[in-house]
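The residues making up each chain are set out below.
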Amino acid sequence: MDRVSAFDEPLKKLLGGATAKVMAEHLDLHTVGDLLHHYPRRYEERGKLTALADLPLDEHVTVVAQVADARIMMFNNGKGKRLEVTLTDGSGRLQLVFFGHGVHKPHKELLPGRRAMFAGKVSVFNRKMQLAHPTYQLLDATDADEATEAVDAFAGKLLPIYPACKQLDSWRIAKAVDTVLPSARDAVDPLPPSLREGRGFTPLPEALLKIHRPQTKADIAEARDRLKWDEAFVLQVALARRRYADTQLPAVARIPAHGGLLDAFDAKLPFTLTEGQEKVSKEIFDDLATEHPMHRLLQGEVGSGKTLVALRAMLTVVDAGGQAAMLAPTEVLAQQHHRSITEMMGELAEGGMLGGSDLGTKVVLLTGSMGTAARRQALLDLVTGEAGIVIGTHALIEDKVQFHDLGLVVVDEQHRFGVEQRDALRSKGKQPPHLLVMTATPIPRTVAMTVFGDLETSVLDQLPAGRSPIASHVVPAKDKPHFLTRAWERVREEVENGHQAYVVCPRIGDDADDESEKKKGKKQPPPEDDGDKRPPLAVLEIAEQLTEGALVGLRIAVLHGRMNPDDKDDVMRRFAAGQVDVLVATTVIEVGVNVPNATAMVIMDADRFGVSQLHQLRGRVGRGSAAGLCLLVSEAHEASPARARLSSVAATLDGFELSRIDLEQRREGDVLGQAQSGVRSSLRMLTVIDDEEVIAAAREEAVAVVAVDPELTDLPELRTALDALLDKEREEYLDKG
């Protein structure tokens, strides 16, 4: 068997069909190489008991513990039988429960004093942690054969605990790994020899043996160091090659014209730019002036003035004779951007119109729901070059849309766009246009280097003058209902002081809402550790309750994604004009909505939202001179992870800090973004949060390698690893970045 194909061998050849099927369906492992890269999550030491006190709820766990007692209980008038076993490990206790015919074997085997490994899903029953029907393996069996088998199966002092699933326990995975482990000798080493020797790394076959079957803790550390480097380096090489290829593409340099549109715009700004805005604008202008396409990520805190920076870049391109397109993820946001940009530009946005400026240009809006006449006019303005700036949704990508000379594409809220959509818009230029990607979700530096490694990064971290701080509080609606009553009183007080408020709910709440959830096969997640399985709170229900109850007499309107676009726009206009006191909405208001007079936000079922989403939503208040207030309403249990998450959001306004917390809590398995690439993660050992130094060093090495040998002609092993890591789909994903 040649060196490459040993890793490509299908698992069903070696493990049998049933096991291979479970591995493919539930763990996404298909080949010998996949299984060898399925690393243990942690290691148990023989004789050392797992801390039962720290078990995570709703996770599949493996524990080593001792039986404290076991008893058979009868129920249903003696017709039903269950076995209850209590485990202990010195740190805590855990209940096991077996029912029906499943009680006989464990009743004979799980006697007080016996030790075993148990695997199952942690649940809560009667306020106690329990495993129902766990699988188990005795570790100190009295029967000599059993004892030998148990010892043989877990030879060595360190027992690897693998990421497992309900259908396949950790120790069954360990046995499967034993079967394929001899193939580790055939591992193709991707690191160039000079790099491997220079950094003193363990050879790859040895690292794989040590990670799966370590003799000592030093073995584990050594193997991890090596395997992290492989992942970081191969990925950074892929990104470095992408950046290198981009520098080879031609683009039209767009150099700002003196006394043009940009100068006229800057002269009428009622404030001075922050230092950060000046610095980032310079980085962008320098990129635009080169003859290969800019690829820049602009990340900034909520409300740091990214739109202004992007607009100045667009005006520069218009000054230089080109056109700029801004792509927004939703119609509400496209309309909002169009409105705020035309307001900022004033008469400069009325080029060719009566009363417009001679220097001006046309700023057009293009969305899928526009009327035929308006759409036809917008398309005409684009093809003739009359419109220098277009703002739209993915309607901009359609075949019919043609530009006179597209010079810059600005993508807002990158994470909501598939890369294909970005690519389709970029192909509209005669030559590749410059690309500016904006996100208000702050991304830790290492994640930016990994996920957006083909983009240069600019960061806006100062808030413009005049922005107010936002106070955030968790409102525990279940434990302390009077807190919720007080929350509505606070909203009323804000309105009485001449301000406005948002109320955000996770669901719309009409019949179509529930039907579409059913169609998608989505079950609404129950609140964590809560017996009550109610669906998430809905906009239409909450709006009705508030109108008749806590906020009676106030002007309340609703906004959600299934409304007619004209109605949505009408509601937003009325809210912006102060004709609505309280806007009850879904997350359609999450990005870009700018109403400085809105000072309060109540987020219902806040535990149903992610950390960065809550931070985004909160950024809609405190945009004027009055202080902002954000109330996170939750029925989650005080000790639950959901409440811990909400407390961390309430505790800091630093988006970068929150994005770290978010990643740590989500245990980012796939920083390449499943949604973006549709393929499984390549990162198994590397954690982008903890391995900042590895990623930064790997990036430097990768840039050096690619600069000398862009095609990797002299490094066939690295090419092979690249092909294996970046299967075709992910290669395309990176290509389109």
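Note that the coordinates shown come from a computational prediction; the quantities given were computed from them, not determined experimentally. (Residues numbered from 1 in each chain as written. Predicted model: local features only at pLDDT ≥ 70, side-chain atom pairs only at ≥ 80, totals over all residues. Heavy atoms only, no water.)

Caption draft 1: Geometry of the overall build of the protein chain. Along the protein chain, the regular secondary structure elements total 28 helices and 21 strands. Each of the 737 residues in the protein chain was classed as buried or not, and the buried ones make up 53%. Intrachain contacts of the protein chain at a sequence separation of at least 6 include 74% that bridge at least 24 residues. When the accessible surface of the protein chain is totalled, it reaches about 32300 Å², and 52% of it is carbon and sulfur. (Helix = DSSP H or I, 4+ residues; strand = E, 2+ residues; numbered from the N terminus. Buried < 20%, exposed > 50% of the residue type's maximum accessible area, 1.4 Å probe, protein only. Contact = heavy atoms within 4.5 Å. Areas by Shrake-Rupley, 256 points an atom, 1.4 Å probe, with all protein chains shown as cover.)

Caption draft 2: Representation of the packing of aromatic side chains in the model. Evaluation of the coordinates by the stated rule reveals six aromatic pairs. On the basis of an interplanar angle of 90° and a centroid distance of 6.4 Å, the ring pair of Phe75 and Phe99 is categorised as edge-to-face. Residue Phe75 is found in strand E2 (residues 60-75), and its partner Phe99 is found in strand E4 (residues 93-99); the two are separated by 24 residues along the sequence. Look at Phe75 and you get partly exposed, because its relative accessible area is 32%. With centroids separated by 5.6 Å and ring planes inclined at 50°, the aromatic side chains of Phe201 and Trp229 adopt a geometry described as tilted. (Phe/Tyr/Trp six-rings, centres within 6.5 Å; stacked < 30°, edge-to-face > 60°.)

Caption draft 3: The sheet that holds strand E19 (residues 582-585), seen in detail. An order of E16-E21-E20-E17-E19-E18 is seen for the six strands of this open sheet, with the pairing classed as parallel. Whereas interior strands pair on both sides, the edge strands pair on one side only; in this sheet they are strand E16 (470-476) and strand E18 (556-559). Strand after strand, the sheet turns through a mean of 20° between neighbouring axes, direction not considered. Bridge analysis of strand E20 (residues 598-603) against strand E21 (residues 628-634) gives four bridges, and the strand direction is parallel. In the sheet register, Ile603 faces E21, and the bridge partner there is Leu632. The strands touched by helix H22 (residues 611-618) are E16, strand E17 (500-504), E20 and E21; relative to E20, the strand with the most contacts, the crossing angle is about 150°. (Pairing = 2+ DSSP bridges. Axes fitted to C-alpha atoms, helices over the stretch in contact; angles between N-to-C directions.)

Caption draft 4: Representation of the environment of His292. In this fold, His292 is placed in the loop between helix H12 (275-288) and strand E9 (295-300). Taking the C-alpha atoms as reference points, His292 and Gln431, separated by 139 residues in sequence, lie 9.6 Å from one another. For His292, the residues in contact, after removing those within four places along its chain, are Asp246, Thr247, Leu249, Pro250, Ala251, Asp287 and His434.

Caption draft 5: Highlighting unusual backbone geometry. Of note, the phi angle at His133 is positive, near 45°, even though the residue is not glycine. By the element assignment, His133 lies in the loop between strand E6 (128-132) and strand E7 (135-138). Look at Asp605: it is not a glycine, yet its phi comes out positive at around 50°. Checked against the element boundaries, Asp605 lands in the loop between E20 and H22.

Caption draft 6: Highlighting the pattern of salt bridges. For the structure on display, the rule yields 34 salt bridges. Where Glu84 meets Arg71, a salt bridge forms, and the shortest distance between an N and an O atom there is 3.5 Å. Pair noted here: Glu84 is in strand E3 (residues 80-88) and Arg71 is in strand E2, with a separation of 13 residues, a long-range link. Classification of Glu84 by relative accessible area gives buried; the value is 13%. As a salt-bridge pair, Arg643 and Asp479 come within 3.7 Å of each other at their nearest N and O atoms. (Salt bridge = Lys/Arg side-chain N within 4 Å of Asp/Glu carboxyl O.)

Caption draft 7: Structural view of the packing of H12 against helix H13 (residues 306-319). The N-to-C vectors of H12 and H13 enclose an angle of 30°; their axes lie 10 Å apart at closest approach. Classified by the angle between their axes, H12 and H13 sit roughly parallel to one another. In this structure, H12 crosses over H13, and the sense of that crossing is right-handed. Together, Gln277, Val280, Ser281, Ile284, Phe285 and Leu288 of H12 and Leu308, Val309, Arg312, Ala313, Thr316 and Val317 of H13 make up the contact between the two elements. In terms of residue class, the contact of H12 with H13 is built from eight nonpolar, three polar and one charged. (Parallel < 35°, antiparallel > 145°, perpendicular 65-115°, else oblique. Left-handed = near helix turned anticlockwise from the far one by under 90°. Nonpolar A, V, L, I, M, F, W, Y, C, P; charged D, E, K, R; others polar.)

Caption draft 8: Here's a closer look at the packing of H13 against helix H14 (residues 331-345). Viewed as axis vectors pointing N to C, H13 and H14 meet at an angle of 70°, and their least axial separation amounts to 11 Å. Relative to H14, the element H13 lies roughly perpendicular. Both H13 and H14 take part in a crossing whose hand is right-handed. Within the contact between the two elements, H13 uses Thr307, Leu308, Leu311, Met314 and Leu315 and H14 uses His337, Ile341, Met344 and Met345. Along the lines of polarity and charge, the residues of the contact of H13 with H14 split into seven nonpolar, two polar and no charged.

Caption draft 9: Structural detail: the environment of Arg115. Tracing the chain through its elements places Arg115 in strand E5 (residues 115-125). Each C-alpha atom, one on Arg115 and one on Leu138, is 6.2 Å from the other, the two residues being 23 residues apart in sequence.

Caption draft 10: Looking closely at the side chain of Gln277. You can see Gln277 is positioned in helix H12. The exposure class assigned to Gln277 is buried, which follows from its relative accessible area of 3%. What Gln277 contacts, discounting residues up to four positions off in sequence, is Ser304, Gly305, Leu308, Val309 and Leu460.

Caption draft 11: Broad picture of helix H18 (residues 481-496). Taking 1.5 Å of rise per residue, the 16 residues of H18 would be expected to cover 22 Å, and the 23 Å separating its terminal C-alpha atoms lies within 8% of that figure. Of all the residues in H18, the buried ones are Ala487, Trp488, Val491, Glu494 and Val495. Projected down its long axis, H18 carries its buried residues within an arc of 115°, all on one side. Exposed and oriented more than 90 degrees from the buried face of H18 are His482 and Glu496. Tucked inside the fold, the buried residues of H18 contact E17, helix H20 (539-548), E19, E20 and E21. Of the residues trailing H18, Gly498 is marked for its positive phi of about 90°. (Expected span 1.5 Å × (residues − 1). Arc of directions from axis to C-beta.)

Caption draft 12: Inspection of the confidence of the model for the protein chain at higher detail. When the pLDDT values of the protein chain are averaged, the result is 80; 82% of them are 70 or greater. Taken together, the stretch residues 517-532 has pLDDT below 50 and engages in 21 contacts with residues farther than four places along the chain or on a different chain. Across residues 667-681, where pLDDT falls below 50, the model places 39 contacts with residues more than four positions away in sequence or in other chains. (pLDDT = per-residue confidence, 0-100.)

Caption draft 13: Main features of the sheet that holds strand E13 (residues 406-412). With parallel pairing, the seven strands of this open sheet are ordered in space as E11-E12-E10-E13-E14-E9-E15. Sheet topology places strand E11 (362-366) and strand E15 (456-460) at the edges, where each strand pairs with a single neighbour. Each neighbouring strand pair of the sheet contributes to a mean axis angle of 20°, computed without reference to strand direction. Judged from the five bridges that link them, E9 and E15 form a sheet pairing that is parallel. By the bridge assignment, Gln299 is partnered in E15 with Val459. Strands in contact with H12 are E9, E13, strand E14 (434-439) and E15; relative to E15, the strand with the most contacts, it is inclined by about 155°.

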